[in-house]
Amino acid sequence: MKSTKTLFISALTLAALTAGAWAETPGSGAPAASGAAPAPAPTVVTAADVQALKDALAAQQLQIQRLTEQLQRQQTWQSQQSAAPAAAKTDLAPTQAVPQQLAEADTSPAGQPNAAPSPVQNPQDTPPQAPPNPMESSVSIRFKGITITPGGFAEAAFVRRSRALGADLPTPFNSLTMPGASQSQLSEFFGSARQSRATVYVDGRLNNVEFSSYISGDFLSAGDTSSATQTNSYTLRLRQAWGQAKFDNGWSFLGGQMWSLVTENKEGIAPSDDLGKTNDARPMTIDPQYNVGFTFARQYGIRLTKDFDHKFAVAVAVENAQGTLTTHGNAPNFLLGEAGATNSYNDALTACTISSYTPAGGTTPVYYTTCTPAGTYTFNPSPDIIAKASFDPGFGHYEIFGLYDRFRDRVFPCADFVIGTTGPCPSNPAVTGPSASGAYNTSKNGGGFGANARWNFDQKHIVFGLHAFGGSGVGRYGAAQLSDLSIEGNGSPDLIKNYQGLGTLEWHGKKLDVYLYGGAEYDGRAYGYDPNINTHVGYGSPTFSNAGCYTETPPSIGVTSGFNPGALSKCTADTRVVMEGTAGFWYRFYSGPKGRFQFGTQYSYVTRETWSGVAGTGTSGSPSGLDNMVFTSFRYYLP
């Protein structure tokens, strides 16, 4: 090593000078040779000379130490790379990043006083640098070859709604109240820190495979009314928990709970985090339910993806299935699912009503209780299957995707009787009362297609995007959470046609972000006629009554008196379309190595239009609900 040689030569030079001085200076008892020239004056070594020599030696030692450390890291890196297959050495450029300290060690002459210049390193000998990982930060912890990055934010937010919904920050868009509801006469204010979020990202590499995992959670759980129709809301609410193996040849395998493949990406097809660092195309709203028209889910899934040079990517996923049902007037001749089991989900009840009937030929009414389970789960015959292709040609990002789902029901034809009467079963005349005789299973296939497009203008300061998705039995994938299916008169599933659309316009500055969103979600009619009970059943029938949607009723009697708004009588009000317009901004007071502190405000106007039914006197048969909402948020993000 040249630095070692330099130090050795310097030491020899110093020794030679010292020896020469001793040789040229006569001893005190020996006379000088006659005729010899006068001896030169002895060299005077000053304190400054000694200090300069000490400084030079210290600089040499520091340079040796740094070069030794650099050599050790270089050897470690080379030993890691030597374990890779020979093909990877010749055909694939290694993506293992050189430790950052290599670049930080200054061994140039300018950085080392009185030091000999270091040799010029061959660029081919320098290990290639990997692009910085956006998920890593100044608080990342490196431990035994893996990087652990904690993250998240703390939030203080509030929402003010012009018409009360009894809801936290996430807005239940499909529950906007009708004009006669007592809640429509009251506004509400609600402050919350429950959207505060904690995350951890783990990343490591083995040869030509990058392994990573991400876990995220917040506190927006729903307790005993939790469900898993779009996102699970069990306490503590798990947002994401996945692991990924990503190969250098473009293949990747992803498994766990994640954003569904139907969710729009910003580029390519890759998992996104919950902090906006990677591939995040979600609306920037404070509302955790985002914006009407946005298609998404967070659920179990396994996904296989192939990326072709970051220009084209394809993926297929198998994800959790869960149906949402809305139907009216049906006889109890079908079984789609049940309330959650106590050992796994949730079997709480939200409401119980007491009804009565008088048996044929009798005079004494018979009372019975009907309870509504808080969380219901369909019996799913198979997972949802999703396929997607994305294109990044250089201008814009484009996606097309398709979804296949399947619904199964058990039909009880001999249960289709008016309560309290007897008579022959339509499919088995020998049965004269409600019975499980002749029960059978029936299934319906559903699914849909969607497309996304996103363009950047003015050096990515302006973003414009369009999203569309539609099909049958896909309502639960929309932010408004419209229904997937209803039930026909014979007890079989009747899938509801659903369409979702969203427009995006965003402006991004150094400290200020401004956003505008407009979206809509539509559910079609799905109804039929049951001749056994002589009535229309299903969803959105024009024979359903909406006459009472404008008439306020007194609070109902309950265990918690004063907290049970009266239920509207004769008000079916099945949703036809939900529309929302949103405007908002985020301002970052500080963003740097200490984290990020920002403030945001959002205004949203939402309307819920219903399918027309039987109108009351002087009222419309198509009532509608609306709400004006203002959100604010203060957030501190970890660095």
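Residues numbered from 1 in each chain as written. Predicted model: local features only at pLDDT ≥ 70, side-chain atom pairs only at ≥ 80, totals over all residues. Heavy atoms only, no water.

Counting its secondary structure elements, the protein contains four helices and 27 strands. The buried share of the protein, taken over its 639 residues, is 41%. Considering only contacts within the protein whose residues lie at least 6 apart along the sequence, 67% involve residues at least 24 apart. As displayed, the protein offers around 32,400 Å² of accessible surface, 61% of which is attributable to carbon and sulfur atoms. (Helix = DSSP H or I, 4+ residues; strand = E, 2+ residues; numbered from the N terminus. Buried < 20%, exposed > 50% of the residue type's maximum accessible area, 1.4 Å probe, protein only. Contact = heavy atoms within 4.5 Å. Areas by Shrake-Rupley, 256 points an atom, 1.4 Å probe, with all protein chains shown as cover.)

Attention now goes to the side chain of Ser-252. Along the chain, Ser-252 turns up in strand β7 (residues 251-259). For Ser-252, a relative accessible area of 11% gives the class buried. The contact partners of Ser-252, leaving out residues within four places of it in the chain, are Gln-244, Ala-245, Lys-246, Arg-303, Leu-304 and Thr-305.

Turning our attention to the packing of aromatic side chains. Within this structure, the stated rule accounts for 22 aromatic pairs. Linked through ring pairs, Phe-585, Tyr-587, Phe-589, Phe-597, Phe-599 and Phe-634 together constitute an aromatic cluster. A cation over a ring is seen here: Arg-476 above Tyr-477, with NZ or CZ 4.4 Å from the ring centre. (Phe/Tyr/Trp six-rings, centres within 6.5 Å; stacked < 30°, edge-to-face > 60°. Lys NZ or Arg CZ within 6 Å of the ring centre and 35° of its normal.)

This brings us to the environment of Ile-462. Positionally, Ile-462 belongs in strand β18 (residues 462-472). With 44 residues separating them along the chain, Ile-462 and Glu-506 place their C-alpha atoms 5.7 Å apart. If sequence neighbours within four positions are ignored, Ile-462 has contacts with Trp-455, Asn-456, Phe-457, Leu-505, Glu-506 and Trp-507.

With that settled, consider the environment of Ala-297. With respect to the secondary-structure elements, Ala-297 resides in the loop between β7 and β8 (298-308). Residue class for Ala-297 comes out buried when judged on its relative accessible area of 0%. Taking the C-alpha atoms as reference, Ala-297 lies 9.9 Å from Gln-257; in sequence the two are 40 residues apart. Setting aside residues up to four positions removed in sequence, Ala-297 forms contacts with Gln-230, Met-258, Trp-259, Ser-260, Thr-263 and Tyr-477.

Below, the discussion takes up the state of the cysteines. The tally for this structure, following the rule as stated, stands at two disulfides. A sulfur-sulfur distance of 2.0 Å marks the disulfide that ties Cys-414 to Cys-425. Here the disulfide of Cys-414 and Cys-425 is left-handed, its torsion about the S-S bond being about -85 degrees. With Cys-414 in the loop between β16 (397-411) and β17 (440-457) and Cys-425 in the loop between β16 and β17, this pair connects stretches of sequence that are 11 residues apart. There is no split in this pair, since Cys-414 and Cys-425 are both buried. (Disulfide = S-S within 2.5 Å.)

Quick look at the side chain of Thr-553 now. Position of Thr-553 relative to the elements: it lies in the loop between β24 (535-539) and β25 (575-592). There is a polar contact of 3.5 Å between the side chain of Thr-553 and the backbone oxygen of Gly-566. From its side chain, Thr-553 meets the backbone oxygen of Ala-567 in a polar contact 3.2 Å long. (Polar contact = N/O pair within 3.5 Å; in protein donor to acceptor, adjacent residues only side chain to side chain.)

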